[in-house]
There are 2 protein chains.
Amino acid sequence: MLTNGPIGVFDSGIGGLTVFGSIAKLLPQYDYVYLGDNKRSPYGDRTFNTIHEYTWECVQWLFKQGCPLVILACNTASAKALRTIQQKDLKDDYADRRVLGVIRPTAEVIGDYSSSKKIGVLGTAGTVQSGSYKLEINKFFPDLKVYQQACPLWVPLIENGEYNKPGSDYFVRLYLDELMAQSPDIDTLLLACTHYPLLQDRIQAALPQHIKVVGQGEIVAHSLADYLQRHPEMETKITRGGTRNFFTTTDDTEQFDKTASIFFPDAVKAGFVNVEG
Amino acid sequence: MLTNGPIGVFDSGIGGLTVFGSIAKLLPQYDYVYLGDNKRSPYGDRTFNTIHEYTWECVQWLFKQGCPLVILACNTASAKALRTIQQKDLKDDYADRRVLGVIRPTAEVIGDYSSSKKIGVLGTAGTVQSGSYKLEINKFFPDLKVYQQACPLWVPLIENGEYNKPGSDYFVRLYLDELMAQSPDIDTLLLACTHYPLLQDRIQAALPQHIKVVGQGEIVAHSLADYLQRHPEMETKITRGGTRNFFTTTDDTEQFDKTASIFFPDAVKAGFVNVEG
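About the criteria used
- Residues numbered from 1 in each chain as written.
- Chains lettered and ligands numbered in written order.
- Predicted model: local features only at pLDDT ≥ 70, side-chain atom pairs only at ≥ 80, totals over all residues.
- Heavy atoms only, no water.
- UniProt positions renumbered as here; feature names shortened; annotations may be inferred.
- Helix = DSSP H or I, 4+ residues; strand = E, 2+ residues; numbered from the N terminus.
- Contact = heavy atoms within 4.5 Å.
- Buried < 20%, exposed > 50% of the residue type's maximum accessible area, 1.4 Å probe, protein only.
- Disulfide = S-S within 2.5 Å.
- Axes fitted to C-alpha atoms, helices over the stretch in contact; angles between N-to-C directions.
- Parallel < 35°, antiparallel > 145°, perpendicular 65-115°, else oblique.
- Left-handed = near helix turned anticlockwise from the far one by under 90°.
- Nonpolar A, V, L, I, M, F, W, Y, C, P; charged D, E, K, R; others polar.

An unreviewed UniProt entry lists chain A under the name Glutamate racemase, with Mucilaginibacter ginkgonis as the source organism. Taken directly from UniProt, the Function (unreviewed entry) text for chain A runs: "Provides the (R)-glutamate required for cell wall biosynthesis." Quoted verbatim from the Catalytic activity (unreviewed entry) field of the UniProt record, the comment on chain A reads "L-glutamate = D-glutamate".

Below, the structure is given as structure tokens:
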């Protein structure tokens, strides 16, 4: 199996393209392969077992494309599958590969944004139920109070193109009110789902100006740059051609390309792959 | 393999429980097994190939439970998988079994509801794109004009408990306006998705009173009763114990039971099954 190759970027669907956009902008020199498991998305409500099974199949497919390093650009997969992959799956068969998520890099810095030391985390039901953000953030910022809020309708609103239309206002307000009712002193909101940056303007407009709304793309990109600097043995395995290839597990690649245009600045033309079995 | 047994009722998730409720009410004497493929739901946006693959796996699992007859209580599966199952899969291996959908029984009678001979069909993106309703209805009512409208946010709204709250009004109105803009003379709306009966009151309230809003549950139940009368060779294979067993492909059966309570009058306690491979 190839050991040198592109950086793999995985998401359950297309939301990870917001993170990939930030990574590719900051580190344009590397080759990249993006894989979206659209056949089986969304992951948000699925169980630990299912999310691990699906994510690991996709990661193995990226390894077979030669990726020495895979980024899970998906909060649900980072919350529910990453630990098992890092602690068990990689050790068993892929000791020289690395898989990184989006939660830890975000947790490492999010506390620096807050003066009140009270922050809100907005995510899918699965991400919130996992409690991963609270746990990881408190490792780095033990005194920070972390309030969580599930926003289950935001992904369907965004994927159906309603994120910049008035019908989304009710649901932006609904979940923000529920979050702020937990503590009026929250001064920082983390968008802990890769889709949510598309609602960022409406979220900010619905809040007092002093509350900061923070997306993950740039945080994850800078964390990756830092990781590669600290790990030259990994950095030298990553090929440098500036290519970007996109794959999806759905055979409706046209739909993928069309929806991708909401999330990614460049035109996308995805290939269809089967990662199962 | 068992050849006598319960009636199998399949849906991609829990929406099919609205149809099952009507069937079990009209024909309480039979045994039933309900299977929801919640691990892989929703099917609405998936492709023909994927929907056929998933549906056929579930149908075979129901056959293994002894079901001589399976109802696809799912519009997406009926639109995209039923034909291949009836014309190819059953002939290859299960010539004595029958699989019926929800589209044909609805198509056989829906024209009788309309005076203007213009009806609207509301469904998921997948059901609408398949064109199955238009095709089937025009077989029985060649002069009927059929207008279609995809309502992609209604299922997420319903599954997240927003169907009886004000946030759903905007999206009820949005899709109804788009449908009625196609023809102001539409006098009958078919709810061609098993979830939609939960929005029926709000849909009716948003429309002029003379427009009829028709669900599928009772239509499908009466069609099944009629089918069993016309096919005594099938009817005698169906066991009569009045039992109802529920299974789901997700290992979070508690969530299934909880959401099922929105769709089904009786308490549900589902078992977890793996139908894959």
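Next comes the rest of the account.
(A) Layout of the UniProt feature "binding site: substrate" (unreviewed entry) in chain A. Residue and element names in this part refer to chain A. As recorded in UniProt, the feature "binding site: substrate" (unreviewed entry) lies at D11, S12, Y43, G44, N75, T76, T194 and H195. Across 185 residues in sequence, these annotated residues keep their C-alpha atoms within 12.7 Å of one another, forming a single compact spot. Relative to the helices and strands, N75 resides in helix α3 (residues 75-80). Setting aside residues up to four positions removed in sequence, N75 forms contacts with V102, I103, T127, Y133, A192, C193, T194 and Q216. With respect to the helices, strands and loops of the structure, H195 is situated in the loop between β7 (188-191) and α10 (200-205). If we ignore the near neighbours within four places in the chain, the residues touching H195 are G15, V155, I158, E159 and F263.

(B) Spatial organisation of the environment of K269 of chain B. Assignment of secondary structure puts K269 of chain B in the loop between α13 (253-263) and β10 (271-272). Its relative accessible area of 73% is what places K269 of chain B among the exposed residues.

(C) Expanded view of the state of the cysteines. Within the structure shown, the criterion is met by zero disulfides over all chains. With no disulfide of its own, C58 of chain A lies 9.7 Å from the sulfur of C74 of chain A, the closest cysteine sulfur.

(D) Main features of the packing of helix α2 (residues 48-64) of chain B against helix α4 (residues 82-93) of chain B. Residues and elements named next belong to chain B. At a minimum axis separation of 11 Å, α2 and α4 run at an interaxial angle of 55°. Taken together, α2 and α4 sit at an angle that is classed as oblique. Every pair of crossing elements has a handedness; the one defined by α2 and α4 is right-handed. Counting all contacts with α2, which are made through H52, T55, W56, V59 and F63, the residues of α4 involved are T84, I85, D89 and L90. For the contact of α2 with α4, the residue count by class is five nonpolar, three polar and one charged.

(E) Structural context of unusual backbone geometry. All names here are of chain A. Omega for the peptide link from S41 to P42 comes to -5°, which places this bond in the cis form. Positionally, P42 belongs in the loop between β2 (32-36) and α2 (48-64). The backbone of K117 sits at a positive phi, close to 60°, despite the residue not being glycine. With respect to the element layout, K117 can be found in the loop between α5 (103-110) and β5 (118-123).

(F) Local environment of the UniProt feature "active site" (unreviewed entry) in chain A. All names here are of chain A. Within this numbering scheme, the UniProt entry marks C74 and C193 as carrying the feature "active site" (unreviewed entry). A stretch of 120 residues holds the annotated residues, and the largest C-alpha distance among them is 7.2 Å, short enough that they meet in one place. Mapped onto the secondary structure, C74 falls in the loop between β3 (69-72) and α3. Taking the relative accessible area as the measure of exposure, C74 reaches 3% and is therefore buried. Excluding residues within four positions of it along the chain, C193 makes contact with N75, L122, G123, T124, V155 and Q216.

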